[in-house]
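# Coordinate inspection notes
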Amino acid sequence: MALPVVAMARLSWRNLWRNYRRTMIMLLAIALGVWAMILMTALLRGMVDNMVRQGINALPGHVQIHAPEYRDDPSVNHVLPTPSKAMLKLLNSELVAAWTSRVRVPAMISSEHDSRGVTLLGIDPLGETALGFDSADVIEGRFLDGTGDRGIVIGKKLLQRLDTRVGKRVVLMSQDPENNIADRGFRVVGVFEADLESREDSIVYAGREVIQSMLGIGTDVSEIAVLAYDYRTPQALTARIRNAAGADNEVLSWLDLDPYL
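For the structure given in this document, a descriptive report is provided here.

Criteria and cut-off values
Residues numbered from 1 in each chain as written. Predicted model: local features only at pLDDT ≥ 70, side-chain atom pairs only at ≥ 80, totals over all residues. Heavy atoms only, no water. Helix = DSSP H or I, 4+ residues; strand = E, 2+ residues; numbered from the N terminus. Rg over C-alpha atoms; globule rule 2.2 N^0.38 Å. Contact = heavy atoms within 4.5 Å. Areas by Shrake-Rupley, 256 points an atom, 1.4 Å probe, with all protein chains shown as cover. Lys, Arg positive; Asp, Glu negative; His and termini not counted. Charge placed at Lys NZ, Arg CZ, Asp CG, Glu CD. Core = buried A, V, L, I, M, F, W, Y, C linked by side-chain atoms within 4.5 Å. Buried < 20%, exposed > 50% of the residue type's maximum accessible area, 1.4 Å probe, protein only. Axes fitted to C-alpha atoms, helices over the stretch in contact; angles between N-to-C directions. Parallel < 35°, antiparallel > 145°, perpendicular 65-115°, else oblique. Nonpolar A, V, L, I, M, F, W, Y, C, P; charged D, E, K, R; others polar. Phe/Tyr/Trp six-rings, centres within 6.5 Å; stacked < 30°, edge-to-face > 60°. Salt bridge = Lys/Arg side-chain N within 4 Å of Asp/Glu carboxyl O. Patch = residues over 30% accessible without salt bridge, like charges linked within 9 Å, V, L, I, M, F, W, Y side chains within 5 Å. Expected span 1.5 Å × (residues − 1).

## A closer look at the overall build of the protein
Within the protein, the regular secondary structure consists of nine helices and ten strands. A globule of 261 residues ought to have a C-alpha radius of gyration of about 18 Å, yet the protein, at 27 Å, is considerably larger. When its C-alpha atoms are laid out on the principal axes, the protein stretches across 95 × 45 × 30 Å. For the protein, the share of sequence-separated contacts (at least 6 apart) that also reach a separation of at least 24 residues comes to 72%. For the protein, the exposed surface amounts to about 15,000 Å²; the carbon and sulfur share of it is 56%. Taken as two groups, the 28 positive and 31 negative side-chain charges of the protein have centres that lie 14 Å from each other.

Structure below.
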């Protein structure tokens, strides 16, 4: 016959402590196993979270706005006008952690020793910093002072390839909307270091207003990048921005911009 529950519990408790060394060893083994599982899960989740954040910083932004043709042909002919009042109201609302606009075009940079193809970013330094650029990554010289700064900041690897240094002048060339060569001389004011060497070799930062003037595009920009408070759920903010931007613009979250990430 089955023993009553109380009696079974009493016998079980006595059996546990009949050989207390065995019981303590088992308890210790279970505790260590649970602790190890929690630790490894936390480490893996932290590593994945950090990888995603670094990837988003490389985009950067959780949501981006472009002209419809820009991603297929990132030229100066596919630009965005100044944001409308409705868009500015949304971008400056409490739903958005930070935002910035930038000119992003292919270009050629030349020193007295070499030339390289690069991606030229005309930026607002304050907005870029708010979106994730760490000024501590500038290992030599300084970062840009503002949108009208006439210097450029290049990567450490690119500096080595061009065989130049901070304080030296280089020439940037790109195309204007009429497909004519637009070029200008810049002084290297800073050198940045990145987690990926490819970014050091391909990205050049300059003041947004200076690049707009060089390309002759007025106040137009290539993209608007928006930072949400939580990268895991950008869909709601993306929908709000898409409604404000209208059907003439392409609005995508980082989930669509980089599906692999």
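Having seen the model, we can carry on.
## Digging into the nonpolar core
The biggest cluster of nonpolar side chains holds 42 residues, and the ones touching the most others in it are I109, L120, I152, V204, L215 and I241. The next biggest cluster of nonpolar side chains, apart from the first, holds twelve residues, and it includes L121, V189, A194 and I203.

## Thoughts on the environment of R169
Turning to its location among the elements, R169 is positioned in strand β6 (residues 169-175). Note on R169: relative accessible area 47%, which makes it partly exposed. Each residue touching R169, except ones within four places of it in the same chain, is listed here: E112, G185, F186 and R187.

## Regarding the packing of helix α1 (residues 5-18) against helix α2 (residues 20-58)
At a minimum axis distance of 5 Å, the contact between α1 and α2 shows a crossing angle of 95°. In terms of axis orientation, α1 runs roughly perpendicular to α2. Contact residues: α1 offers N15, L16, W17 and R18, while α2 offers Y20, R22, T23 and M24. Tallied by class, residues from the contact of α1 with α2 come to four nonpolar, two polar and two charged.

## Regarding the environment of A42
Structurally, A42 is set in helix α2. When its relative accessible area of 47% is taken as the criterion, A42 is described as partly exposed. Separated by 19 residues in sequence, A42 and T23 have C-alpha atoms that sit 29 Å apart.

## Notes on unusual backbone geometry
Phi is positive for D163, which is not a glycine, with a value near 55°. Phi at N179 is positive, roughly 65°, even though this residue is not glycine. Note that N179 resides in the loop between β6 and β7 (181-192).

## Notes on the packing of aromatic side chains
In this structure the tally under the stated criterion is seven aromatic pairs. Here F143 and Y205 contribute two aromatic rings whose centre-to-centre distance is 6.0 Å and whose plane-to-plane angle is 75°, an arrangement assigned as edge-to-face. Here F143, found in the loop between β4 (138-141) and β5 (151-155), pairs with Y205, found in strand β8 (residues 203-207); they are 62 residues apart in sequence, far enough to count as distant. Judged on exposure class, the residue F143 and its partner Y205 are both buried.

## What to know about the pattern of salt bridges
This model, assessed by the stated rule, comprises 13 salt bridges. Of the charged contacts in the structure, one is a salt bridge between E250 and R71, with a shortest N-O distance of 3.1 Å. One end of the pair, E250, is in strand β10 (residues 250-253); the other, R71, is in the loop between β1 (63-66) and α3 (85-91), and 179 residues separate them in sequence. When its relative accessible area of 43% is taken as the criterion, R71 is described as partly exposed. A salt bridge links K156 to E193, with the shortest nitrogen-to-oxygen separation between them at 3.6 Å. Pair noted here: K156 is in helix α5 (residues 156-162) and E193 is in the loop between β7 and α6 (197-202), with a separation of 37 residues, a long-range link. Since its relative accessible area comes to 32%, K156 is described here as partly exposed. Exposure remark for E193: the relative accessible area of 36% places this residue in the partly exposed category. Connected through salt bridges with shared partners, the residues D49, R53, D230 and R232 form a single ionic network.

## A short note on a nonpolar patch on the surface
Together, W13, L16, W17, Y20, M24 and L27 line one region of the surface with nonpolar side chains, adding up to about 640 Å² of accessible area. For the nonpolar patch, the secondary structure elements donating two or more residues are α1 and α2. Within the secondary structure layout, L27 lies in helix α2.

## Topic: α2
Along its 39 residues, α2 runs 57 Å from first to last C-alpha, staying within 8% of the 57 Å computed at 1.5 Å per residue. Along α2, the residues that are buried comprise T23, D49, V52, G55 and I56. As for α2, its buried residues are in contact with α1 and α9 (254-257).

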